[in-house]
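Chain by chain, the residues:
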Amino acid sequence: CPLACVWCVSMFSHVANPSMSLEEKKSKLSVVNSNFSPPNGRDIRKGLDIFYLKKFLKEVKELGLKAIVWSGGGEPAIYPNITEAVEYASEIGLEQGMMTSGFFSSKLVSVFGKHLRWVRFSLDTFDKKKYKEMKFVDGCEKVIANIKSLVEYRNNSINNKIKIGCNINVAEWNYKELISFTQKSKEMGVDYTQAR
């Protein structure tokens, strides 16, 4: 994941967490796994080999799988083969959703708009300064731009029924924004706001 949200439950599994040096990561991971050593051999930051992912999707579709959610332990949109994976899942008839930080290349908006049934953006605040302080990336404007672009893509597409949502993980630093967060999300044209 390119972000380093201070509350992230998966931060110890991130391979490329920008807020930690390798020494810091090794120190923190040793608490969970005393035998931790930095990855070697194949560059695991590339993620699952697309050949095996497509093979898996085909097999589980044949077993009756109806849908897949791209999420978990990081940012699915930075997977190098995300376009091919999403297009393939669509081709074999799987419905798809995505949980994302929204911090991805704007080139993916049309791919997601065309193939996904829903996307939930974990934005958490519209305050650029707080966003950077809590996620260690100056990315609030980029995420908002991607949300607006996806809304526009949906609104200008025939038969596109993608549902778009914004998430706020409520904490001490942003709870006072809950109502304004919901209002601003609605003004952008999202279908719902989720507060957790």
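Structural notes, computed from the coordinates. Keep in mind it's a predicted model, so treat the numbers as computed, not measured.

Notes on the environment of N159
Then comes step 1: Within the secondary structure, N159 sits in the loop between α6 (140-155) and β4 (163-168).
Then comes step 2: Under the relative-accessibility criterion, N159 is labelled exposed at 71%.
Then comes step 3: Along the chain, N159 and K114 lie 45 residues apart, while their C-alpha atoms are 9.8 Å from each other.

Details of the nonpolar core
Then comes step 1: Core analysis: the biggest nonpolar cluster contains 44 residues, and L57, W70, F112, L123 and I147 have the highest contact counts within it.
Then comes step 2: Of all the elements in the fold, those that place two or more residues in this core are α2 (50-62), β1 (67-70), α3 (82-91), α4 (108-115), β3 (118-122), α6, β4 and α7 (178-188).

With respect to α7
Then comes step 1: Among the residues of α7, F181, S185 and M188 are the ones counted as buried. End-on, the buried residues of α7 take up no more than an arc of 60°, which puts them together on one face. In this structure, α7 carries I179, K186 and E187 as exposed residues pointing more than 90 degrees from its buried face.
Then comes step 2: Buried residues along α7 sit in contact with α6, β4 and β5 (192-195).

Section: the pairing of β1
Then comes step 1: Residues I68 and W70 of β1 are buried on one face, while the alternating residues A67 and V69, pointing to the opposite face, are not.
Then comes step 2: Relative to strand β2 (residues 95-100), β1 runs parallel, the two being bridged by 4 bridges. Note on β2: the bridge partner recorded for W70 is M98.
Then comes step 3: Taken together, β1, α3 and β2 form a β-α-β motif whose crossover is right-handed.

Focus on a nonpolar patch on the surface
Then comes step 1: Side chains of L48, F51 and Y52 sit close together on the surface and give an oily, nonpolar patch of about 360 Å² of accessible area.
Then comes step 2: Inspection of the secondary structure assignment puts F51 in helix α2.

Concerning the pairing of β4
Then comes step 1: Where burial is concerned, most of β4 is hidden: 5 out of the 6 residues are buried.
Then comes step 2: Of the pairings in the sheet, the one linking β3 to β4 comprises 5 bridges and is parallel in character. Residue V119 lies in a different strand from β4, and its bridge partner there is I164.
Then comes step 3: Here 4 bridges tie β4 to β5, and the two strands are oriented parallel to one another. Across the sheet, G165 pairs through a bridge with Y192, a residue of β5.
Then comes step 4: Running through α7, the crossover from β4 to the neighbouring parallel element β5 is right-handed.

The rules behind each value
Counting starts from 1 at the beginning of each chain's written sequence and moves along it residue by residue. Reporting in this predicted model follows two pLDDT cut-offs: at least 70 for local features of residues, and 80 or more for side-chain atom pairs to be given and counted; totals over whole chains, interfaces and linings ignore these cut-offs and use all residues. To obtain the side-chain values, all non-hydrogen atoms of the structure were included, while hydrogens and water were left out. Secondary structure is summarised from DSSP: a helix means a run of H or I of at least four residues, a strand means a run of E of at least two, and numbering begins at the N terminus for each. Exposure is judged per residue with a 1.4 Å probe applied to protein chains only, and the accessible area is read against the type maximum: over 50% gives exposed, under 20% gives buried, and values in between give partly exposed. As used in this record, nonpolar core signifies buried Ala, Val, Leu, Ile, Met, Phe, Trp, Tyr and Cys residues forming a set joined through side-chain atoms within 4.5 Å. Our arc is simply the arc of the directions from the helix axis toward the C-beta atoms. Any pair of residues with heavy atoms lying within 4.5 Å of one another is described as a contacting pair. At least two bridges found by DSSP between two strands is the condition for calling them paired. The definition of a right-handed crossover adopted here requires that, viewed with the strands pointing away, the path from the first strand over the helix to the second runs clockwise. Patch definition: residues with relative accessible area over 30% and no salt bridge; like charges joined within 9 Å; nonpolar side chains (Val, Leu, Ile, Met, Phe, Trp, Tyr) joined within 5 Å. Residue-level accessible areas treat just the shown protein chains as cover; the underlying method is Shrake-Rupley with a 1.4 Å probe. Salt bridge, as used here: a side-chain nitrogen of Lys or Arg that lies within 4 Å of a carboxyl oxygen of Asp or Glu.

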